[in-house]
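Examining the three-dimensional arrangement
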Amino acid sequence: MGSVASYFGRLGGKEQKKEEERLFRANDRPFNLSYHYADNAIKTSKYNLFTFLPLNLFEQFRRLANAYFLFLMALQVIPQISSLSWFTTAVPLILVLSITAVKDASDDINRHKSDKQVNNRMVKVLIDGELRNEKWLNVQVGDIIKLENNQFVTADLLLLTSSEPLNLVYVETAELDGETNLKVKQALTVTGDMGDSIDALAGFKGEVRCEPPNNRLDKFKGTLTLDGQTYSLDNDKVLLRGCTLRNTEWCFGVVIFGGPDTKLMQNSGKTTFKRTSIDHLMNVLVLCIFGLLASMCAVLAIGNGIWEVREGSVFTVFLPLEQGVNAALSSFLSFWSYVIVLNTLVPISLYVSVEIIRLGNSFFIDWDRKMYYPKNDTPAQARTTTLNEELGQIKYIFSDKTGTLTQNIMTFNRCSINGKAYGELFDFSGQRVEITEKTARVDFSWNQLADPKFTFHDHSLLETVREGNPEAQAFFRLLALCHTVMPEEKKEGELYYQAQSPDEGALVTAARNFGFVFRSRTPETITAMEMGRTVTYELLAVLDFNNVRKRMSVIVRNPEGKLTLYCKGADTIIFERLHPSCNKLKEATIGHLNEYAGDGLRTLALAYKPLDESYMDKWRQRHHEASTAMEGREERLDELYEEIEKDLLLLGATAVEDKLQDGVPQTIEQLAKADIKIWVLTGDKQETAENIGYSCNMLREEMKEIFVVAANTTEGVKEELQNARRKMCPEAAEEPSVKKARAGLFWLQKTETVQDEKVDGDYGLVINGHSLAFALEKNLQLELLRTACMCQTVICCRVTPLQKAQVVQLVKKYKQAVTLAIGDGANDVSMIKAAHIGVGISGQEGMQAVLSSDYSFAQFRYLQRLLLVHGRWSYLRMCKFLQYFFYKNFTFTFVHFWYAFFCGFSAQTVYDEWFITLYNMVYTALPVLGMSIFDQDVNDRWSFQYPQLYTPGQLNQYFSKKAFVLCMMHSCYSSLILFFIPWAAMHDTVRDDGKDLADYQSFALLAQTCLLIVMNIQLCLDTYYWTAVNQFFVWGSLAAYFAITLTMYSNGMFLIFTSSFPFIGTARNSLNQPNVWLTIFLTSLLCILPVVASRFLFIQLRPTINDKVRQKVRKEALPAPAPRRPPARRISTRRSGYAFSHAQGYGDLVTSRRFLLKLRSRPPLFTQTDSPLAQNEPQLYRTIAEDPEESQSP
């Protein structure tokens, strides 16, 4: 469609040049409109009132079968060749087209409603010197708009000014990346000075040059020219559409990108029509069936020509030929007549049945109470009904981390103070006790300022602190002082912390509950409440965190005048700087850290150092000189920091849990047993991603090796990938083994498949974003894929949304495997759309991923039920359905073929016309639907007990071209039995009373009765799981057949509709004869016996995994649900790095005077102290307090 539109666009001269740079002026609509930038309206719908019918019909007739049935209907209109009425094809075809059209229209109407709702939101826009309420769709590039607290960001904006100190704004990016902790953006000082002055803003004539629209959420380059001065713009000065303004009274921004140009919409990716591998296979098979049909018709047409020449003249006496019809023309017409007669090779009911089965299986997903999340009232949802069976064939899962594997909630879990570990509980025998929700919590009611949401279970730590233990008190004093958290206290005792990362907030909240409450700060002081006593420390310096230092320090003077440096950071970094006297304590702490890391916790070491006053004076002087130096400032400051952060005294270590969603490790373990490979693609930094990898058992200590690819050049990345590959598989060839083949309709599609290579042992691969960028280049793609596929686990860190999609596309292209992507933010949308199946985690505040997904649910753990139960059952049911459906229709049609040799190739039907009409629509429709909707080889508990049952689906074992050929051979055998046994039995046969029985009508009745009984017996053999519905459908269809047959062959029907019901009396004359029933029994036995025998032999000699498990099911009781077992204790020497931030800290900000300018006059933003987010999580600090009305529980 796109190519057609672009073609006509070129004809009309409307094709737009690709934008290379964006230039606009604030408050200058005429200038900006001349560039024809997109406005702020979005459109996700596909049709409008006028285009719906032609476009929808065009899309539907692109399906080969629909086009075939249209052609067939046209043939049936021609009386010379049609032996069946045209409406026998027209009615089902119109029904199928109508159902699909109504479904498509309903989906598109919902998209229109969604677009309208978003486009009609109101926002204040500065027009002609005054603020006016305008709809979002009317906002243009260059407009200045005002946002207020808790409003959605209208478009991509350049932040100009805000109500907050230092022109800061706080935004929640859950809609973009699934993260609920707030991000800080800051305007340029030159624009921030305008404040909220409407006159100043209306007179603002800044000119912006920036990059064209793109999908990079974490990057922005541009310049602002104002009064002849040029200022650099980066991502910190831009608010993206999809964010929500939080904790900020108001802000003003100028629109950079609107509507489809915004980064949110650019990341939504191209919507592709997803089809399952079975769909693609069916297209190929339908093409083969057309070939078979044409061949059969050609053979019969040739037979007709020969028969007309040799035998036809004998019949012309009582069946004269029409004028001008000779043998050649008769042969030609019989070809098309047989096309109509044999069209049941591809019945239209096949596609109707497939859609009904998919719809039924989708309802099972929607109704599954075991995938319902009561906490958020969120059920699982099948947002598409066309991909269910693909869920049973997944080989690769690509998962986001934040919000998908984790809850993005940090909890203070354990700590080590002065060589003693706290946080775990032990029974009298010294065994570790698992902490559950019922475990007694530490009572913090003595502390009026404690956070009521914070929970801790080890009472001994509180006792140690309250007894006055100096090391324990120094430990929590450090946590209360050494950070860059901003406090907010609207009412006495109601504290909210604004932290730059969730784990930093968790540590400050822990100190708060244990009696060391961080209350307030100024640029020169920090005020804390220590065990009920207010203490104000003089803040002399903040030695800020960055990714190289991996630590931060503060230097404070207490009221007694004592100077102390407090430092926290990655344990490896801190231990290098300890005083030799701490060696013994260091060994004990390392032991605790190894335990914490073994449990997947994020660890930090804490240390302090008393400072001498005279040394400090000199150091501060040098620090001032270094910080004002024009050249080498960073290097000089680093040297000073290194100098003072020496000979530290160790206090202990903290362990913070990056709280995984419930059941994540068990789910990953189950999916790994099902031979599904999981790759984590995350925007987080390496240490954080590795940490989560260990927490959820993707990375394990027992792995032979975990390779880290972090090179910054193409050659470096290539070398690291090759070294890893050679270690894993030394005997492997240097060049990958690529198998080339053809696939798709007419075999036009070329495929390349990189062959799997066997590796001894388990390996892991961690690759970061800049290395991945090189690895995804064309000359390194296969090397990356080859190495990654040898590993059990792959983690890609710091990846962009585009790279996520590229990784998925790479695996799709070269592994020819079914892929699934799961995520919860807008940065996952391109990956979700690129994969065969997209799953969105719902229930979070970010719903962008859900809106683009095929399936959604609230928790990652439901993925195993979606795949191992619903996916496997859906695949099994669909394969059984197709095998049985093709079998029953081929058998039905092949009988016509054999009959042609006995009727002079005249295109006479072997069955009664009413039987032909009702065979697929009534007699065999419901039994096969019953099997295809309800059947299951084993129940859900056994499916979880044996995840290996999933493997056949990945290998396409249940339905393939080979299975199709076997099905055709089986049909051929059955049709021979079903035609020749009744034919031989009826030949020269008489009734009990001596009257003739060997007539066409009696033979037709006998053949169709045999056929229907054999089909039902075959269905019973194929059914594993019987329900009352199945029983009713099978017996009901047989009863309906005999009832309808006896009625239609009755005298009454013949008298009323003489021409329509010619088989008068056939049923009562035939079905009362013993030899007829003996023939039916013999025919059924000969058809079914080989099937039963072959299945018995295969189960005995070559049993499949399904056969083995089903045998076990018969012998054993139902397995109990998996018991909740405490995780095994692991000891690990691998510990997390400094996991506090992905960016430079806020040290400069907290020591700046300007952030206090408006603090006292600031009106309250919060009317309630609690929020649903806090209520739903027992141990939770608040990074930045969120408004209760807007937030949802994660």
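The protein is annotated in an unreviewed UniProt entry as Phospholipid-transporting ATPase of Perca flavescens. Within the UniProt record for the protein, the comment given under Sequence similarities (unreviewed entry) is "Belongs to the cation transport ATPase (P-type) (TC 3.A.3) family. Type IV subfamily." UniProt's Catalytic activity (unreviewed entry) comment on the protein is quoted here verbatim: "ATP + H2O + phospholipidSide 1 = ADP + phosphate + phospholipidSide 2."

Overview of the pairing of strand 4 (residues 144-148)
The element strand 4 is largely enclosed, with a buried count of four among its five residues. Where strand 2 (residues 122-127) lies against strand 4, three bridges are found, and the strand directions are antiparallel. Looking across to strand 4, one finds that K124 is bridged to K146.

Here's the deal with the nonpolar core
In this structure, Y338, L350, F881, L882, F886 and Y911 are the most contacted members of the largest nonpolar core, which totals 94 residues. When residues in this core are grouped by element, the largest group, 18 residues, is from helix 29 (residues 862-900). For this core, the domains that each give at least three residues are domain 2 (281-346) and domain 5 (878-1113). Residue contacts for L882: discarding those within four places in its chain leaves I278, M282, L350 and F959. Ranked by size, the runner-up nonpolar core spans 53 residues in total, among them F31, L217, L233 and L240.

Considering helix 19 (residues 613-627)
Across its 15 residues, helix 19 extends 21 Å between first and last C-alpha, which sits within 8% of the 21 Å expected from 1.5 Å per residue. When we look at burial in helix 19, the residues that qualify are M616, W619, H623 and A626. End-on, the buried residues of helix 19 take up no more than an arc of 85°, which puts them together on one face. Packed against the buried residues of helix 19 are strand 24 (533-543), strand 25 (551-557), strand 26 (563-569), strand 27 (602-611) and helix 20 (633-644).

Comments concerning the side chain of Q954
Looking at the element boundaries, Q954 is found in helix 33 (residues 951-954). When its relative accessible area of 15% is taken as the criterion, Q954 is described as buried. A polar side-chain atom of Q954 sits 3.1 Å from the main-chain carbonyl oxygen of D675.

Notes on the sheet that holds strand 12 (residues 244-246)
Spatially, 7-6-12 is the arrangement adopted by the three strands of the open sheet, whose pairing is antiparallel. Pairing within the sheet leaves two strands with one partner each, and these edge strands are strand 7 (183-186) and strand 12. For this sheet the average axis-to-axis angle between neighbouring strands, irrespective of direction, equals 45°.

A few points about the pattern of salt bridges
Counting across every chain of the model gives 45 salt bridges. When the shortest N-O distance is used, the salt bridge between R358 and E355 registers 3.7 Å. Taken together, the residues R358 and E355, both in helix 13 (residues 349-367) and three residues apart, mark about one turn of the helix. Classification of E355 by relative accessible area gives partly exposed; the value is 26%. Ionic pairing is found between E424 and R414, a salt bridge with its closest N-O pair at 3.4 Å.

As for a negative patch on the surface
A cluster of acidic residues, E634, E635, D638 and E639, forms a negative patch on the protein surface. Along the chain, E639 turns up in helix 20.

Overview of the packing of helix 31 (residues 925-934) against helix 36 (residues 1028-1048)
Axis separation between helix 31 and helix 36 bottoms out at 8 Å; the angle between their running directions is 165°. The pairing of helix 31 with helix 36 is recorded here as roughly antiparallel in orientation. Handedness of the helix 31/helix 36 crossing: left-handed. Here L926, P927, G930, M931 and F934 of helix 31 come into contact with helix 36, specifically with V1029, N1030, F1033, V1034 and S1037. The class makeup of the residues in the contact of helix 31 with helix 36 is seven nonpolar, three polar and no charged.

Describing the packing of aromatic side chains
All chains considered together, the criterion is met by 54 aromatic pairs. A centroid spacing of 5.8 Å and a plane angle of 65° characterise the contact between W250 and F252, whose relative ring orientation is edge-to-face. Residues F335 and W336 carry aromatic rings whose centres are separated by 5.0 Å and whose planes lie at 90° to one another, so their mutual orientation is edge-to-face. Among the aromatic side chains, those forming a connected cluster through ring pairs are F892, Y911, F915, Y919, Y923, Y1041, F1042 and W1077. In this structure, R121 is placed above the aromatic ring of W136, and the distance from its NZ or CZ to the ring centre is 5.0 Å. Sitting over the ring of W446, R466 keeps its end group 4.3 Å from the ring centre.

Each value, and the rule that gives it
Residues numbered from 1 in each chain as written. Predicted model: local features only at pLDDT ≥ 70, side-chain atom pairs only at ≥ 80, totals over all residues. Heavy atoms only, no water. UniProt positions renumbered as here; feature names shortened; annotations may be inferred. Buried < 20%, exposed > 50% of the residue type's maximum accessible area, 1.4 Å probe, protein only. Helix = DSSP H or I, 4+ residues; strand = E, 2+ residues; numbered from the N terminus. Pairing = 2+ DSSP bridges. Core = buried A, V, L, I, M, F, W, Y, C linked by side-chain atoms within 4.5 Å. Domains from an automatic or database assignment. Contact = heavy atoms within 4.5 Å. Expected span 1.5 Å × (residues − 1). Arc of directions from axis to C-beta. Polar contact = N/O pair within 3.5 Å; in protein donor to acceptor, adjacent residues only side chain to side chain. Axes fitted to C-alpha atoms, helices over the stretch in contact; angles between N-to-C directions. Salt bridge = Lys/Arg side-chain N within 4 Å of Asp/Glu carboxyl O. Patch = residues over 30% accessible without salt bridge, like charges linked within 9 Å, V, L, I, M, F, W, Y side chains within 5 Å. Areas by Shrake-Rupley, 256 points an atom, 1.4 Å probe, with all protein chains shown as cover. Lys, Arg positive; Asp, Glu negative; His and termini not counted. Charge placed at Lys NZ, Arg CZ, Asp CG, Glu CD. Parallel < 35°, antiparallel > 145°, perpendicular 65-115°, else oblique. Left-handed = near helix turned anticlockwise from the far one by under 90°. Nonpolar A, V, L, I, M, F, W, Y, C, P; charged D, E, K, R; others polar. Phe/Tyr/Trp six-rings, centres within 6.5 Å; stacked < 30°, edge-to-face > 60°. Lys NZ or Arg CZ within 6 Å of the ring centre and 35° of its normal.

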